[in-house]
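# Understanding the architecture of this molecule
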Amino acid sequence: ICDVETPQLDVNNRFIAVCRREATDVVPVWFMRQAGRSLPEYRALRERHSILDMCRLPELTVEVTLQPVRRLGVDAAILFSDIVVPLIAMGVALEIKPGVGPIVESPIRDTAAIDGLRELQPEQDLPFVLESIRALRAELAVPLIGFGGAPFTLASYLVEGGPSKDHARTKALMYGATETWHKLMDRLARAVLSFLRSQVEAGAQAIQLFDSWVGHLGPGDYRDYVLPYVERIVQGLEHLRVPRVIFGVGTGELLALMGQTGADVIGVDWRVPVDEARRRSGCAVVQGNLDPAVCLAPWHVIEERARDVLRRGGGRNHIFNLGHGVLPATDPSTLARLVELVHSWSPGD
């Protein structure tokens, strides 16, 4: 854990312990997108502030990051931000359109556009992120997870100009202008690594790399066009001695390659059971993977599905999470009850 001065809190380190393959009293649990859309206190803030404003104002970032920890009793906090924040600092003009996602004003599809991207200097370009992390470390009694978008997912937004169903332009660049593709991925990998390093140096105690769209690739393309850059990021953080988690959606056929990156934890979506994901990836520690939609079902269904995930996790080297982010319609009281269920579960149940 990065050495920073913090008050002597009664710290819950279950999440970090499992990342390091150490035994804990209960299975740790946190939820992707736990800070946000399903919480009424978050929605009240969103009525007055845009998402990007909330990412840029440390007092709001801190408040939103703390909200699910207070309400749900989770074992880790994840910094409230957005994966496109460093892209904006690199000179990309974009907006986050409600209900749509990031929209890039001028998509990047040639070397001239790549040359126009600024080299990211987090201390100068993103001081509000680092200030938020320092403030959170002073208040949190659970570990703080920093995060960033993986190069492929960021590249997809830049090339497509926004969310895409088929990622056709991204693949066309990858296949038809390979040198340009690798130049873009190299630039993004450097930026992401620098951004994640700065978060750890500011006090983040773990890092999660989100690759939301990489499941659109087959194993061969992942190996040739993506894997070297994820490896560079994961291995570039090794000397900082914080847990490194990588997560992607629809990555069942990529898990063996993801396991080669050197990540400490593999996050799994709901399509592959966690025991099978552990086998495929060769990674001892897995995170996941209840289908987020299950949280909208009656409690007896949620309980049955959650217990199945826990049984497959085996009660050791498993971090309970959803297979993707919390859905906006989720009742926060259901999430709090789910946390209690996970904490009360034991392998003999």
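My aim in this report is to walk through the structure given alongside it, one point at a time. (Residues numbered from 1 in each chain as written. Predicted model: local features only at pLDDT ≥ 70, side-chain atom pairs only at ≥ 80, totals over all residues. Heavy atoms only, no water.)

## Here we look at helix 11 (residues 178–202)
Rules: Under the DSSP-based scheme used, a helix requires at least four consecutive residues in state H or I and a strand at least two consecutive residues in state E, with every element numbered from the N terminus. An expected span of 1.5 Å times one less than the residue number is assigned to each helix.
Spanning 25 residues, helix 11 covers 36 Å between terminal C-alpha atoms, matching the ideal 36 Å at 1.5 Å per step. Gly 203 occupies a position one or two residues after helix 11 and carries a positive phi of about 135 degrees.

## Points about the packing of helix 4 (residues 58–72) against helix 8 (residues 127–139)
Between two packed helices, what matters for the description is the angle formed by their axes and the separation of those axes. Formally: In this analysis an axis means a line fitted to C-alpha atoms, helices contributing only their contacting stretch, and an angle means the value between N-to-C directions, from 0 to 180 degrees. Note on terminology: angles under 35 degrees are roughly parallel, angles over 145 are roughly antiparallel, angles of 65 to 115 are roughly perpendicular, and the others are oblique. Crossing handedness: left-handed means the near helix sits turned counterclockwise from the far one by under a right angle, and right-handed means the same turn made clockwise. Pairs of residues are marked as contacts when any of their non-hydrogen atoms sit within 4.5 Å. Any residue outside Ala, Val, Leu, Ile, Met, Phe, Trp, Tyr, Cys, Pro, Asp, Glu, Lys and Arg is labelled polar, Gly included; the first ten of those are nonpolar and the last four are charged.
Look at helix 4 against helix 8: their axes get within 9 Å of each other, and the N-to-C directions meet at 45 degrees. One finds that helix 4 runs oblique with respect to helix 8. Considering only the axes of helix 4 and helix 8, their crossing is right-handed. For the pair formed by helix 4 and helix 8, the contact residues are Pro 58, Thr 61, Val 62, Thr 65 and Leu 66 on the first element and Phe 128, Glu 131, Ser 132, Ala 135, Leu 136 and Glu 139 on the second. A class-by-class count of the residues in the contact of helix 4 with helix 8 yields 6 nonpolar, 3 polar and 2 charged.

## What about the sheet that holds strand 7 (residues 265–267)?
To keep it simple, the criterion reads: Think of it this way: DSSP has to see at least two bridges between two strands before they count as a pair.
Taken together, 7 strands build an open sheet; the order of strands is 1-4-5-6-7-8-9 and the sheet is parallel. Either end of the sheet is taken by a strand with one partner, and the two such strands are strand 1 (77–78) and strand 9 (318–322). In the sheet, strand 7 pairs with strand 8 (residues 285–290) via 3 bridges, with the strands oriented parallel. When the bridges of strand 8 are listed, Val 265 appears paired with Val 285. Packed onto the sheet, helix 16 (residues 299–313) meets strand 8 and strand 9 and runs at close to 150 degrees relative to strand 9.

## Focus on the packing of aromatic side chains
Cut-off, in case you're wondering: Each Phe, Tyr or Trp ring, with Trp reduced to its six-membered ring, pairs with another whose centre is within 6.5 Å; inter-plane angles below 30 degrees give stacked pairs, above 60 give edge-to-face pairs, and intermediate values give tilted ones. Think of it in three bands: with a 1.4 Å probe and only protein chains considered, a residue is buried below 20% of the maximum accessible area for its type, exposed above 50%, and partly exposed in between. Should the NZ of a Lys or the CZ of an Arg lie within 6 Å of a ring centre and within 35 degrees of the ring normal, that charge is described as sitting over the ring.
On inspection of all chains with the given rule, the structure shows 6 aromatic pairs. Look at Tyr 157 and Trp 213: their rings are 6.3 Å apart centre to centre, the planes differ by 75 degrees, and that puts the pair in the edge-to-face class. One end of the pair, Tyr 157, is in helix 9 (residues 151–160); the other, Trp 213, is in the loop between strand 5 (206–211) and helix 12 (219–225), and 56 residues separate them in sequence. Looking at Trp 213, the relative accessible area reads 24%, which means it is partly exposed. Grouped by ring-pair contacts, the aromatic residues Phe 147, Phe 210 and Phe 247 constitute a single cluster. Seen from the ring of Trp 270, Arg 271 lies directly overhead, with NZ or CZ sitting 4.3 Å from the centre.

## Here's the deal with helix 8
For helix 8, built from 13 residues, the straight-helix expectation of 18 Å at 1.5 Å per residue is met to within 8% by its first-to-last C-alpha distance of 19 Å. Buried residues of helix 8: Phe 128, Val 129, Leu 130, Ser 132, Ile 133, Leu 136 and Arg 137, and no others. Its buried side turned inward, helix 8 meets helix 3 (51–56), helix 4, helix 5 (85–89), helix 7 (122–125), strand 4 (144–149) and helix 11.

## Let's talk about the nonpolar core
Quick note on the threshold: Buried Ala, Val, Leu, Ile, Met, Phe, Trp, Tyr and Cys residues that are joined via side-chain atoms within 4.5 Å together make up what is termed a nonpolar core.
If you look at the biggest cluster of nonpolar residues, it comprises 126 residues, and the most contacted ones within it are Phe 31, Phe 320 and Leu 338. Per-element tally for this core: the top contributor is helix 11, with 12 residues. Ignoring anything within four residues of it in the chain, the contact list for Phe 320 reads Val 27, Pro 28, Val 29, Trp 30, Phe 31, Gly 288, Leu 290, Ala 306, Val 309, Leu 310, Leu 338 and Val 342.

## Quick look at the environment of Ala 297
Position of Ala 297 among the secondary structure elements: in the loop between strand 8 and helix 16. Placed 22 residues apart in sequence, Ala 297 and Asp 275 show a C-alpha to C-alpha distance of 24 Å.

## Some points on the environment of Glu 231
Within the secondary structure, Glu 231 sits in helix 13 (residues 227–236). The partly exposed category is assigned to Glu 231, whose relative accessible area is 23%. As for Glu 231 and Cys 55, which are separated by 176 residues in sequence, their C-alpha atoms are 28 Å apart. Every residue in contact with Glu 231, bar those within four places of it in the chain, is listed here: Gly 236, Gln 260 and Thr 261.

## A word on the pattern of salt bridges
Where we set the bar: Between Lys or Arg on one side and Asp or Glu on the other, a salt bridge is scored when a side-chain nitrogen of the former is within 4 Å of a carboxyl oxygen of the latter.
Applying the stated criterion across every chain, the model contains 19 salt bridges. The closest approach of N and O atoms between Glu 63 and Arg 70, which form a salt bridge, is 3.0 Å. Given the relative accessible area of 28%, Glu 63 is considered partly exposed. With a shortest N-O distance of 2.8 Å, Asp 186 and Arg 232 are connected by a salt bridge. Separated by 46 residues along the polypeptide, Asp 186 in helix 11 and Arg 232 in helix 13 bring together distant segments of the chain. Overall, the relative accessible area of 24% leaves Asp 186 in the partly exposed class. When salt bridges with common partners are traced through the structure, they connect Glu 119, Asp 186, Arg 187, Arg 190 and Arg 232 into a single cluster.

## Here's the deal with the side chain of Asp 75
Rule in force here: For this analysis, a polar contact is any N or O atom pair within 3.5 Å, provided that within protein one partner can donate a hydrogen and the other can accept it, and provided that sequence-adjacent residues contribute only side-chain to side-chain pairs.
Residue placement: Asp 75 occurs in the loop between helix 4 and strand 1. When its relative accessible area of 1% is taken as the criterion, Asp 75 is described as buried. A polar side-chain atom of Asp 75 sits 3.0 Å from a polar atom in the side chain of Arg 14.

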